[in-house]
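# Coordinates in review
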Amino acid sequence: MPEFNPDHAMWAVRREFGEHGGVTPSISRSSTFTVMDPAIMPEIFDGLRGPDKGGCFLYSRHFNPTVDILARYLAAMEDTEAAVCTASGMAAIACALLQTCGSGDHIVASDTVYGGTHALLGELLPEMAITTTFVDITDMTAVKAAIRPESKVIYTETLGNPTLKVADLNALSRLANGHGLLLVVDNTFSPMMITPARHGAHVVIHSLTKFINGASDLIAGVICSDKEMANRFMDLHRGRVMLLGPTMDPRSAFDLIQRLPSLAMRMREHSRRAMAMAKRLEVMGVAVVYPGLSTHPQHRLLTGICNPGYGYGGILTIDCQTREKAEALMAFLQNREQFGFIAVSLGYFDTLMSCSGSSTSSEIPPEDQSRMGLSPGLVRISVGYTGDLSQRMLQLENAIKKIGLA
Ligand SMILES: *Cc1c(COP(=O)(O)O)cnc(C)c1O
């Protein structure tokens, strides 16, 4: 497969200038748009006359010019035909699944997914008679065995949250295609690094709240897909984004557009620092998990699907065995060493640390947590890029020694 560089693809998109020739796009905050010729209003409603077909924008829950610019950049980055921006990552996931599955349908999902996604699949969707079988997504026999006649979707994260299991996207897409299923992939942990559509994913989702925005100051999401599906999301009669209404605000879209130019550099730096820390921790004998380490069970698989130059991502985990030790480590790192912050979320410029089992994965029942390899003492670290790296390494070493993890 020819090499793909998402950063290059993104900047090959036609640049949009602001009003008066501004180098940044303008923010179109209008909720509604003037139709100059009333005779074409019905055609606009029938979807026959978009702004690209001599018509105009209609209403900002449907399409908005600023949100559209962001969608074009993100579609280019993910190498999909189209993208639909949403108000949150969860809105993107919920709308994608509700658009592709209906009452009586079934989903085969990775057991290692974001807590909110796990609750959506395991608790909310069953109320609408959409059921899910959770499987170890790295076990292709188990994935295949879980497929039923009523299955519609295989759902996974590229790098599972928080165990950092890597999904074999090529194998999953072969299986999906062989059974007429859609492969839906949440790529939140690995923008730029992995382009799931290049490995057969039909729908690619991001929480833009994380690395893509990078400043932890807004909530947003996106669904990248082919044009046909993007139009279905916005259909006036049945479109899940159009009718359930979680569309993106143009002000958020503008902020996100302004952060895209630094995304490639940021991802490289998150990866470089996480790799340096993971290597040091491994040498110290700490129970560290990082997909860039050759000891990670899917290291070779990941190397085979990564776009070159972006490293192995900004997330690593340390297993402290018990929640008490995990909390002691995080407290020391935050309050004594000023290494980072105890906070959920990830992809921020500063380092963020959380004990997954009792926070972002707490929706997952304890039995399931242990089955998916989530220890109660697991600390997830989203490695930031502020401060001097060698100083950061010393801070981390001090804390590890203080807590007695090595
Ligand atoms: C945060 C996150 C989500 C949810 O995104 P929001 O923007 O918070 O709604 C979904 N998937 C993953 C992997 C996440 O980390």
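What follows covers the side chain of N64. With respect to the helices and strands, N64 occurs in the loop between α2 (41–45) and α3 (65–78). Within the structure, N64 has its side chain in polar contact with the side chain of S60 (distance 2.9 Å). A distance of 3.1 Å separates a polar side-chain atom of N64 from the backbone nitrogen of V67. In this structure, N64 is in contact with S28, S30, F33, F57 and P250, ignoring residues within four places of it in sequence.

Remark: helix α4 (residues 89–100) packs on helix α5 (residues 115–124), axes separated minimally by 10 Å, with the N-to-C direction vectors making an angle of 30 degrees. Judged by the angle between their axes, α4 and α5 are roughly parallel. Relative to α5, α4 is oriented so that their crossing is right-handed. Of the residues in α5, those in contact with M90, I93, A94 and L97 of α4 are G116, T117, L120 and L121. Across the contact of α4 with α5, the residue classes break down as six nonpolar, two polar and no charged.

This part takes up the side chain of N307. Along the chain, N307 turns up in the loop between α12 (299–305) and β9 (315–319). A polar atom in the side chain of N307 sits 2.8 Å from the backbone oxygen of M192. Apart from the residues within four sequence positions on either side, N307 is in contact with F4, P6, M192, M193, I194 and T195.

In the vicinity of the ligand, 14 residues are found, and the nearest of them are M90, D186, S207, T209 and K210. Between D186 and the ligand, the recorded distance is 2.7 Å, taken from a side-chain N or O atom to a nitrogen atom. When isolated, the ligand has an accessible area of 380 Å², and the protein chains bury 94% of it. When residues in the shell around the ligand are grouped by element, the largest group, three residues, is from α4.

Rules behind the numbers
- Residues numbered from 1 in each chain as written.
- Predicted model: local features only at pLDDT ≥ 70, side-chain atom pairs only at ≥ 80, totals over all residues.
- Heavy atoms only, no water.
- Helix = DSSP H or I, 4+ residues; strand = E, 2+ residues; numbered from the N terminus.
- Polar contact = N/O pair within 3.5 Å; in protein donor to acceptor, adjacent residues only side chain to side chain.
- Contact = heavy atoms within 4.5 Å.
- Axes fitted to C-alpha atoms, helices over the stretch in contact; angles between N-to-C directions.
- Parallel < 35°, antiparallel > 145°, perpendicular 65-115°, else oblique.
- Left-handed = near helix turned anticlockwise from the far one by under 90°.
- Nonpolar A, V, L, I, M, F, W, Y, C, P; charged D, E, K, R; others polar.
- Near = heavy atom within 4 Å.
- Areas by Shrake-Rupley, 256 points an atom, 1.4 Å probe, with all protein chains shown as cover.

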